[in-house]
Amino acid sequence: MTSALRALVGLNNILEIVVKTFAGILVGFMVLTVFGGAVTRYVTGIGYNVVMELPPILMPWLIFPVAGILMRSGSHIAVDFLPERLSPRPARALRAIVALIAIGAGVTFCYAGFDATTLFKTVGQKTEMEWAFPIWWIYLSFPVGFAILTSFALENLLKAIVGDTDPDVSATQPNQAEA
């Protein structure tokens, strides 16, 4: 079990770096797009609609992949009244239950997102912006993001099972019970 957890933590560490890098590049691109549009409009007097349309369309690619990272680090919105009141064993059980619910939701939404992406790819619908591109590119963020979330939820489940009480500690460090 701990070797599976170590492997999953290693994979998720790489995945987290990739997602954070991608998110940073995407935010930078969106900011530069809006800033460049403002400069272009100021200098030339000509504005482009795509400058205002592109950032909201790219937002799902920022939100869905990052949701798993927030869950992994415990930075998501949470009610922490009950976990703080529970003794260690029931707190682990609660963490496992929450992880199982997140895995179920992640798999469900990943599957639904894949279906939606497939539908829009089959239909061939495109955006109605200045730069038309396939809508399925936007919807692809759903299954990708929820697959990432499922991987991080599985990590949380395994940590709850093996008794890793600190979600920020990597599984590569020996567990107190094993040492």
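Before going into details, it helps to say that this report is about the structure given with it. (Residues numbered from 1 in each chain as written. Predicted model: local features only at pLDDT ≥ 70, side-chain atom pairs only at ≥ 80, totals over all residues. Heavy atoms only, no water.)

Moving on: the packing of helix 1 (residues 2–44) against helix 2 (residues 50–73). For the pair helix 1 and helix 2, interaxial distance at closest approach is 9 Å and the crossing angle is 160 degrees. Comparing the axis directions of helix 1 and helix 2 gives the class roughly antiparallel. As for the relative orientation of helix 1 and helix 2, their crossing is left-handed in sense. Across the contact of helix 1 with helix 2, the residue classes break down as 19 nonpolar, four polar and three charged. (Axes fitted to C-alpha atoms, helices over the stretch in contact; angles between N-to-C directions. Helix = DSSP H or I, 4+ residues; strand = E, 2+ residues; numbered from the N terminus. Parallel < 35°, antiparallel > 145°, perpendicular 65-115°, else oblique. Left-handed = near helix turned anticlockwise from the far one by under 90°. Nonpolar A, V, L, I, M, F, W, Y, C, P; charged D, E, K, R; others polar.)

Attention now goes to the packing of helix 4 (residues 88–123) against helix 6 (residues 141–162). The interhelical angle for the contact between helix 4 and helix 6, taken along N-to-C directions, is 160 degrees, at an axis separation of 8 Å. Relative to helix 6, helix 4 is oriented roughly antiparallel. Helix 4 and helix 6 meet at a crossing whose hand is left-handed. By residue class, the composition of the contact of helix 4 with helix 6 is 20 nonpolar, five polar and three charged.

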